[in-house]
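Secondary and tertiary structure notes
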Amino acid sequence: HGTETGGLTRQVNLVVKCPPKPMLPDSTRVVVRHRLLRHSQDVLLLEREVGTLDIPYGESFRVQERWIGLRKVDDAGESVHLKVCTHVHFKGRAGIMSKKITQHSTKKSKKVAALAVELLTQVQADSELASSKAAAAADGAGQCEGASGAGADGGDGG
């Protein structure tokens, strides 16, 4: 769902398995809300809110993240900078557990952000490799002048 000014939104409800730790259930219901909004040609915003409902104090807090992708073009070329902000919003009392919940949630958020950067870097490297292979194929196409038969793309070579 969404609009151009309000962004695209979605909510995903799922059940995930919990690690075997004291006080944790075998599984928990999770609600994830996303909102994706393009502020401009150079700024993309992704907001996430994650609630794990069946863990201790799970009904009393939500992890909120804001991912900001900023495209920059300068003399060095084009780059994208990713900034991830994390906040734990407490709806009710978590008492002495609030500090531990915040630390754990922030740690997990940093881990996900690092994984996202790793994946984006890999996609960029794969894209550059594919581009260089396409450029090499285009350069090699000139060497086939006058040849007959099928081209590399399965076409008729001309």
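In case you missed it, the structure is sitting above this.
Residues numbered from 1 in each chain as written. Predicted model: local features only at pLDDT ≥ 70, side-chain atom pairs only at ≥ 80, totals over all residues. Heavy atoms only, no water.

Two strands pair when backbone bridges link them, and strand S4 (residues 43-52) and strand S5 (residues 61-74) are joined in this way by eight bridges, in the antiparallel orientation. In the strand pairing of S5, Glu49 is matched with Gln64. In terms of strand pairing, S5 meets strand S6 (residues 77-90) through 14 bridges, oriented antiparallel. Looking at S6, one finds that Trp67 is bridged to Val84. The hairpin turn running from S5 into S6, its antiparallel successor, is two residues long. (Pairing = 2+ DSSP bridges. Helix = DSSP H or I, 4+ residues; strand = E, 2+ residues; numbered from the N terminus.)

Moving on, we get to the layout of surface pockets. Approximately 1,100 Å³ is the volume attributed to the largest pocket. Lining the largest pocket are 31 residues, and of these Thr52, Ile55, His104, Ser105 and Lys108 sit closest to its centre. Residue assignment for the lining of the largest pocket shows that the elements contributing at least two residues are strand S2 (7-17), strand S3 (27-38), S4, S5 and helix H1 (97-141). Its residues placed into classes, the lining of the largest pocket shows 18 nonpolar, six polar and seven charged. Broken down by secondary-structure element, the contributors of at least two residues to the lining of the second largest pocket are S4, S5, S6 and H1. With six residues, H1 is the largest single contributor of residues to the lining of the second largest pocket. Residues of the lining of the second largest pocket, tallied by class, amount to 12 nonpolar, five polar and three charged. (1 Å grid on protein atoms, 1.4 Å probe; cavity = no way out; pocket = protein on both sides within 12 Å on 5 of 7 lines; lining within 4 Å. Points joined across faces, edges and corners; volume = space filled by probe spheres on them. Nonpolar A, V, L, I, M, F, W, Y, C, P; charged D, E, K, R; others polar.)

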